[in-house]
Amino acid sequence: MSTLTKVASAASRLVRPGTWKRIARVGNFLAYDGAPLALATVGAGARLSPTVSVRHGERVSIGAGAQIGQGCSLWAGGDTGAIVIGDHALLAPDVFVTAANYDFDAGDGPVMDLPMREATVTIGANTWLGTRVVVLPGVTIGDGTVVAAGAVVTRDLPPGVLAAGVPARVLRKRGER
Ligand SMILES: CC(C)(COP(=O)(O)OP(=O)(O)OC[C@H]1O[C@@H](n2cnc3c(N)ncnc32)[C@H](O)[C@@H]1OP(=O)(O)O)[C@@H](O)C(=O)NCCC(=O)NCCS
């Protein structure tokens, strides 16, 4: 393809409404989901996908050498609930971590109008959370623990184990196969 054809093709894309819709979506993502990341503490050598979604980044801490995959959500609480991720932790794509729940017992109107219950989440060093793992408020995952894809972690997990399921249960120690 000649340079002239490439320029003409790029220019024609600019006049398509779909192009501007996509640009608006990316802008919205960066402003709403991506911007709070700037407030987070990120250790040396940590790698985060550009599509990581962060809330209340001032209460998010990511250890050195950690890797956070595409589409992960790190939603700290707006008041006290922090998310602390240890060194060299690996979060596969689409892991969802939250440090806040709506206090749904506080009323029966729209949940958005209810107060939040917040509790800090701690994900240990050298952990591996498989894709689509969900980690709920107040949970601590011990160092070196592996959480299988799709698990929902509702309670603390000890160090050095493999856990799986909904709710996540310890299956065995690491290295025991
Ligand atoms: C956690 C994982 C590594 C386990 O690997 P494994 O070598 O199969 O582990 P085991 O063979 O010891 O499995 C132990 C048991 O857990 C079960 N199990 C494995 N993965 C499971 C899952 N995601 N949910 C529920 N149970 C699971 C196995 O079926 C087995 O049960 P059984 O003993 O009744 O047969 C793997 O299943 C997984 O979830 N990988 C994540 C992949 C991923 O997200 N990759 C992204 C790249 S970062």
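Every value quoted in this text rests on a predicted model; they were computed, and no experiment measured them.

A. Geometry of the site of the ligand. Residues in close proximity to the ligand total 13 residues, the closest being Ala92, Gly130, Thr131, Ala148 and Ala149. Split by residue class, the shell around the ligand holds eight nonpolar, four polar and one charged.

B. Expanded view of the sheet that holds strand E17 (residues 152–153). Strand order in the open sheet formed by five strands is E3-E6-E9-E14-E17, and the pairing between neighbours is parallel. Whereas interior strands pair on both sides, the edge strands pair on one side only; in this sheet they are strand E3 (53–55) and E17. The pairing of strand E9 (residues 96–98) with strand E14 (residues 134–135) spans two bridges and is parallel. By the bridge assignment for E14, Val97 is matched with Val135.

C. Molecular detail of helix H2 (residues 17–34). The terminal C-alpha atoms of H2, which comprises 18 residues, lie 24 Å apart, in line with the 26 Å expected from a rise of 1.5 Å per residue. Little of H2 is tucked away: zero of the 18 residues are buried.

D. Region of interest: unusual backbone geometry. Looking along the chain, the bond that leaves Val166 and enters Pro167 is cis, with omega of -5°. Within the secondary structure, Pro167 sits in the loop between strand E18 (161–164) and strand E19 (169–173). Phi at Asn126 is positive, roughly 60°, even though this residue is not glycine. Take Asn126: it is sitting in the loop between strand E12 (121–123) and strand E13 (128–129).

E. Structural view of the pairing of E18. Bridge count between strand E16 (residues 146–147) and E18: two bridges; the pairing is parallel. Its bridge partner being in E18, Val147 is matched across the sheet by Ala163. The pairing of E18 with E19 spans four bridges and is classified as antiparallel. Each residue of the ladder has a partner; that of Val161, found in E19, is Lys173. In sequence, E18 turns back onto E19 through a hairpin of four residues, with Gly165 there showing a positive phi of about 100°.

F. Focus on the sheet that holds E12. Pairing in this open sheet of five strands is parallel, and the strands run E1-E4-E7-E12-E15 from one edge to the other. The open sheet has two edge strands, strand E1 (41–42) and strand E15 (140–141), and neither has a second partner. For strand E4 (residues 60–62) and strand E7 (residues 83–85), the ladder comprises three bridges, and the chain directions are parallel. Within E7, the residue paired with Ile62 across the bridge is Ile85.

G. Structural detail: the nonpolar core. Counting residues in hydrophobic clusters, the biggest one holds 36 residues, and the most contacted among them are Leu74, Ile83, Val133, Val135, Val147 and Val153. Elements with a minimum of two residues in this core: E4, strand E6 (73–75), E7, E12, E14 and E16. Aside from chain neighbours lying at most four places away, what touches Val147 is Leu129, Gly130, Val133, Ile141, Val153, Ala163 and Ala168.

H. The arrangement of the environment of Leu30 in detail. Counting through the fold element by element, Leu30 comes out in helix H2. When the C-alpha positions of Leu30 and Pro50 are compared, they lie 8.9 Å apart, and in sequence the two are 20 residues distant.

Here is what the cut-offs are and how they apply
- Residues numbered from 1 in each chain as written.
- Predicted model: local features only at pLDDT ≥ 70, side-chain atom pairs only at ≥ 80, totals over all residues.
- Near = placed C-beta within 6 Å.
- Nonpolar A, V, L, I, M, F, W, Y, C, P; charged D, E, K, R; others polar.
- Pairing = 2+ DSSP bridges.
- Helix = DSSP H or I, 4+ residues; strand = E, 2+ residues; numbered from the N terminus.
- Expected span 1.5 Å × (residues − 1).
- Buried ≥ 20, exposed ≤ 12 C-beta atoms within 10 Å, placed from the backbone.
- Core = buried A, V, L, I, M, F, W, Y, C linked by C-beta atoms within 7 Å.
- Contact = placed C-beta atoms within 7 Å.

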